[in-house]
Amino acid sequence: MLYGSGYVLLAFLRDGLVTQWHWLTEAQLLDATAVGQVTPGPRVYHATFIGYLLGGPVAALVATLGSFSPRSCSSP
């Protein structure tokens, strides 16, 4: 489980999405962070925005719903 602001997740997202899998660029990840900061609930908006970038509206919906799944809210 992580504690803190949405910035805590930024390093993990960058490592996986930008560095490891090359699904997003640095600029796209920073855009996702900006979207999360101007609206409430940064984790949900990160997921929605990244889902949209990766697969359009359907992927955005799946990513958003996945943010609320019990598995995403529990610690390993």
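Scroll up a little and you will see the structure.
Rules behind the numbers
Residues numbered from 1 in each chain as written. Predicted model: local features only at pLDDT ≥ 70, side-chain atom pairs only at ≥ 80, totals over all residues. Heavy atoms only, no water. Helix = DSSP H or I, 4+ residues; strand = E, 2+ residues; numbered from the N terminus. Expected span 1.5 Å × (residues − 1). Buried < 20%, exposed > 50% of the residue type's maximum accessible area, 1.4 Å probe, protein only. Arc of directions from axis to C-beta. Salt bridge = Lys/Arg side-chain N within 4 Å of Asp/Glu carboxyl O. Patch = residues over 30% accessible without salt bridge, like charges linked within 9 Å, V, L, I, M, F, W, Y side chains within 5 Å. Areas by Shrake-Rupley, 256 points an atom, 1.4 Å probe, with all protein chains shown as cover. Axes fitted to C-alpha atoms, helices over the stretch in contact; angles between N-to-C directions. Parallel < 35°, antiparallel > 145°, perpendicular 65-115°, else oblique. Left-handed = near helix turned anticlockwise from the far one by under 90°. Contact = heavy atoms within 4.5 Å. Nonpolar A, V, L, I, M, F, W, Y, C, P; charged D, E, K, R; others polar.

**Student:** Give a detailed account of helix α2 (residues 26-38), specifying residues and quantitative values.
**Tutor:** Between its terminal C-alpha atoms α2 stretches 19 Å, which fits the 18 Å expected from 13 residues at 1.5 Å a residue. Three or more residues of α2 are buried, namely Leu29, Ala32, Thr33 and Gly36. One side of α2 carries all its buried residues, which in axial view fall inside an arc of 100 degrees. Pointing more than 90 degrees away from the buried face of α2 are the exposed residues Leu30 and Val38.

**Student:** How would you sum up the pattern of salt bridges? Please name residues and give values.
**Tutor:** Enumeration over the complete set of coordinates arrives at 1 salt bridge. Residue Arg14 is joined to Glu26 by a salt bridge in which the shortest nitrogen-to-oxygen separation is 2.8 Å. Of the two residues, Arg14 is situated in helix α1 (residues 7-20) and Glu26 in helix α2; the sequence distance between them amounts to 12 residues. Using a relative accessible area of 35% as the deciding quantity, one classes Glu26 as partly exposed.

**Student:** Describe the environment of Arg43, naming the residues involved and giving the relevant values.
**Tutor:** Assignment of secondary structure puts Arg43 in helix α3 (residues 42-67). Placed 21 residues apart in sequence, Arg43 and Thr64 show a C-alpha to C-alpha distance of 9.3 Å.

**Student:** Would you mind going over unusual backbone geometry in detail, with residue names and values included?
**Tutor:** One non-glycine residue, His22, lies in positive phi territory at about 60 degrees. Position of His22 relative to the elements: it lies in the loop between α1 and α2.

**Student:** Tell me what's going on with a nonpolar patch on the surface, and back it up with residues and numbers.
**Tutor:** A contiguous nonpolar surface patch, about 540 Å² in accessible area, is contributed by Trp21, Trp23, Tyr52, Leu53 and Leu54. Position of Leu54 among the secondary structure elements: in helix α3. With relative accessibility at 42%, the residue Leu54 sits in the partly exposed group.

**Student:** Describe the packing of α1 against α2, listing the residues and the values that go with them.
**Tutor:** Two elements in contact, α1 and α2, have axes whose closest approach is 11 Å; the angle formed by their N-to-C orientations is 150 degrees. Judged by the angle between their axes, α1 and α2 are roughly antiparallel. Along this stretch, α1 crosses α2, giving a crossing that reads as right-handed. Where α1 abuts α2, its residues Tyr7, Leu10, Leu13, Arg14 and Val18 lie against Glu26, Leu29, Thr33 and Gln37. Its residues assigned to classes, the contact of α1 with α2 shows 5 nonpolar, 2 polar and 2 charged.

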